[in-house]
Amino acid sequence: MSLKSFAAKIFAKTVKKKIDVWSSNPIETQQKIFQELISKSKNTEFGKDHHFENIKTHKDFVQNVPVRDYEALRFYVDKMVDGQEDILWPGKPLYYAKTSGTTSGAKYIPITKESMPTHIEAARNAILCYIAETGNSKFVDGKMIFLQGSPELTEKNGVKLGRLSGIVAHYVPGYLQKNRMPSWETNCIEDWETKVDAIVEETRNLNMTVISGIPSWVQMYFEKLRQKTGKKVGDIFKNFDLFIYGGVNYEPYRSKFENLIGRKVDSIELYPASEGFFAFQDSQKAKGMLLQLNSGIFYEFIKAEAFFDENPERLTIGEVELGINYVMIISSTAGLWAYNVGDTVQFTSLKPYRLMVSGRIKHYISAFGEHVIAKEVEEAMQVASDNTGARINEFTVAPQVNPSAGELPYHEWFIEFEKEPEDFTKFRDTLDQSLQQQNSYYFDLIEGNILQPVKVTKIPKNGFQEYMKSIGKLGGQNKLPRLSNDRKIAEVLEKIIKK
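Worth saying up front: this structure is predicted, and the values here are computed from it rather than measured.

Grouped burial of nonpolar side chains is what soluble globular proteins tend to show. If you look at the biggest cluster of nonpolar residues, it comprises 87 residues, and the most contacted ones within it are Phe301 and Trp337. Ranked by residues supplied to this core, first place goes to helix α6 (residues 116–134) with 9 residues. Among residues more than four places away in sequence, those in contact with phenylalanine 301 are Leu291, Glu313, Arg314, Leu315, Ile317, Val320, Tyr326, Val327, Met328, Val345 and Phe347. Judged by nonpolar contacts, the second largest core, of 41 residues, contains Trp217, Met220, Phe243 and Leu493.

Below, the structure written as structure tokens:
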């Protein structure tokens, strides 16, 4: 065992003990965060507008601070971007994480001096919890690759801005710098396909032990490695034994990854976002990710089924239940207040508080009142694939409200197969039956002959990459929506099929 590996084990145990302290005192931890946030921001423009000096309890907060998304908070963000100080948080932000907005162009998510360290510490702690639990630390001696956006930053009124992953690249700890791949020059390549080709050339002959990124884009890297070498990834990188991912559910990709790698490897799931680093997988034995209650973020939760009601109840951490679909609302040291990040989550454990991302509040299918969410279609896909030997590259689902004459409406699954199912009819039927078992609304619509069972449309190889490229979102942190409540994505995919 190297000195570096030995030191990592000692450090991991120390950090794990600190995590255990706050995770075993969740309500007190969150109350302390809440009070600190209000106290530090009472003299900001937002704090004055919302009477922070009078806020003592969560009830006071609910009465004074409504839930907002980016567009509703934009009035304040625009002032910050224009260079004004003390708007949402004292002073100016350190950075803006620039993301693509859904309705009005670019979004600028503030990252402050207080919030920046939490992004770094959470990612580090995820690895340390893995070491503390498994005792495996030998990977720290090998090369580690982080597939991410360009670290090149621009500036707006004295504040640097770029993609979150690019900003974080500037904070890689010194002890990892020599191990980190790809090179800075390669990481700065903007075109994703060119970048992946360069990464393949840089890494194919190295001792890669950790690989990290969004599964769909790591898959592209693995496939190019296979094409270049004719070998499985596990044979190219014999010491590769840890995959770190976030952004999407890994399960639909797992069988494809294991085939590309040639063996099973351990994995760690992360829940990072421009707005904050919310959770990470702290155990290989427990389901879900540990909610970061001690990272300068105060959490509220609204039941997804009631979210669009006039005054839905806003719950604190001590009021949530297992298995309920919640919209997660955050207030943070980045200056985001009662902010809807757009994700839905379900708790898998309350001691400690672990959760899983179940989807997006805007990404669902309810064209017929079925309320189908991402978690349900991903689970259905996993069951169908496991039962028929199929391997999936990518998929998305859309409703067909206007079918051919004489047909009932249906859900259409657009799937790019790595390996087609042994029995296609069984695959399709299993998808539908699994969805019926998980979602009673969908079951009733099938039973009542309102909907017909699902239909599957095959997408040609690299069809989804072609779709993402067509909308300018190939690579980086971009993700394909699992669900749509309309046919916008479906219509583009249909054109790709006809080519």
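Read on, since the account is not over.
Relative to the helices and strands, threonine 186 is located in helix α9 (residues 184–187). Within the local environment of threonine 186, its side chain forms a polar contact with the side chain of glutamate 202, the two groups lying 2.7 Å apart. If sequence neighbours within four positions are ignored, threonine 186 has contacts with Lys195, Ala198, Ile199 and Glu202.

A separate point is the sheet that holds strand β15 (residues 353–360). Ordered by their spatial adjacency, 11 strands build an open sheet running β6-β3-β7-β8-β9-β10-β11-β15-β14-β13-β12, and the pairing between neighbours is mixed. Each edge of the open sheet is held by one strand with a lone partner, namely β6 (180–181) and β12 (297–303). Where strand β3 (residues 143–146) meets β6, 2 bridges bridge the pair, whose relative direction is parallel. The residue bridging methionine 144 from the neighbouring strand is arginine 180, located in β6.

Take empty space enclosed by the protein next. Empty space among the atoms can be located by rolling a probe the size of a water molecule over them. Going through the model one piece at a time under the given rule, you end up with 2 cavities of 30 Å³ or more. In this structure, the largest cavity spans a volume of roughly 160 Å³. Of all elements in the fold, only α11 (215–229), β16 (391–400) and α17 (463–470) reach the threshold of two or more residues within the lining of the largest cavity. The biggest single contributor to the lining of the largest cavity is α11, with 4 residues. Residue composition of the lining of the largest cavity, by class: 5 nonpolar, 6 polar and 4 charged. Looking at the second largest cavity, its volume works out to about 60 Å³. Forming the boundary of the second largest cavity are 14 residues, of which Ser115, Thr118, His119, Glu275 and Gly276 lie nearest the centre. Mapped onto the lining of the second largest cavity, the elements with two or more residues apiece are β2 (106–111) and α6. Per-class residue counts for the lining of the second largest cavity are 4 nonpolar, 9 polar and 1 charged.

Residues Met1, Leu3, Phe6 and Ile10 make up a contiguous nonpolar surface patch of about 490 Å² in total accessible area. Counting through the fold element by element, leucine 3 comes out in helix α1 (residues 3–23).

This next bit is on the layout of surface pockets. Computed from the structure, the second largest pocket encloses a volume of approximately 620 Å³. Ala304, Glu305, Asn325, His371 and Ile373 are the residues nearest the centre of the second largest pocket, which is lined by 25 residues in total. Listing elements by their share of the lining of the second largest pocket, those giving two or more residues are β14 (339–350), β15, α14 (374–388) and α16 (440–447). Across the lining of the second largest pocket, the residue classes tally to 8 nonpolar, 12 polar and 5 charged.

Counted by the stated rule, this structure contains 33 aromatic pairs. An aromatic cluster of at least three residues, connected via ring pairs, comprises Tyr221, Phe222, Phe240, Phe243, Tyr245, Tyr250, Tyr253 and Phe257. A cation sits over an aromatic face here: arginine 482 above phenylalanine 395, 4.3 Å from the ring centre.

Relative to the helices and strands, glycine 389 is located in the loop between α14 and β16. With relative accessibility at 24%, the residue glycine 389 sits in the partly exposed group. Distance from glycine 389 to leucine 336, taken between C-alpha atoms, is 45 Å for residues 53 residues apart in sequence. Once residues within four sequence positions are removed from consideration, glycine 389 is found in contact with Lys419, Glu420 and Glu422.

Taken as a whole, this structure holds 23 salt bridges when the rule is applied. Ionic pairing is found between glutamate 223 and lysine 256, a salt bridge with its closest N-O pair at 2.6 Å. With glutamate 223 in helix α11 and lysine 256 in helix α13 (residues 251–261), this pair connects stretches of sequence that are 33 residues apart. Members of the salt-bridge network, linked through shared partners, are Glu71, Arg74 and Asp78.

Rules of the game
- Residues numbered from 1 in each chain as written.
- Predicted model: local features only at pLDDT ≥ 70, side-chain atom pairs only at ≥ 80, totals over all residues.
- Heavy atoms only, no water.
- Core = buried A, V, L, I, M, F, W, Y, C linked by side-chain atoms within 4.5 Å.
- Buried < 20%, exposed > 50% of the residue type's maximum accessible area, 1.4 Å probe, protein only.
- Helix = DSSP H or I, 4+ residues; strand = E, 2+ residues; numbered from the N terminus.
- Contact = heavy atoms within 4.5 Å.
- Polar contact = N/O pair within 3.5 Å; in protein donor to acceptor, adjacent residues only side chain to side chain.
- Pairing = 2+ DSSP bridges.
- 1 Å grid on protein atoms, 1.4 Å probe; cavity = no way out; pocket = protein on both sides within 12 Å on 5 of 7 lines; lining within 4 Å.
- Points joined across faces, edges and corners; volume = space filled by probe spheres on them.
- Nonpolar A, V, L, I, M, F, W, Y, C, P; charged D, E, K, R; others polar.
- Patch = residues over 30% accessible without salt bridge, like charges linked within 9 Å, V, L, I, M, F, W, Y side chains within 5 Å.
- Areas by Shrake-Rupley, 256 points an atom, 1.4 Å probe, with all protein chains shown as cover.
- Salt bridge = Lys/Arg side-chain N within 4 Å of Asp/Glu carboxyl O.
- Phe/Tyr/Trp six-rings, centres within 6.5 Å; stacked < 30°, edge-to-face > 60°.
- Lys NZ or Arg CZ within 6 Å of the ring centre and 35° of its normal.

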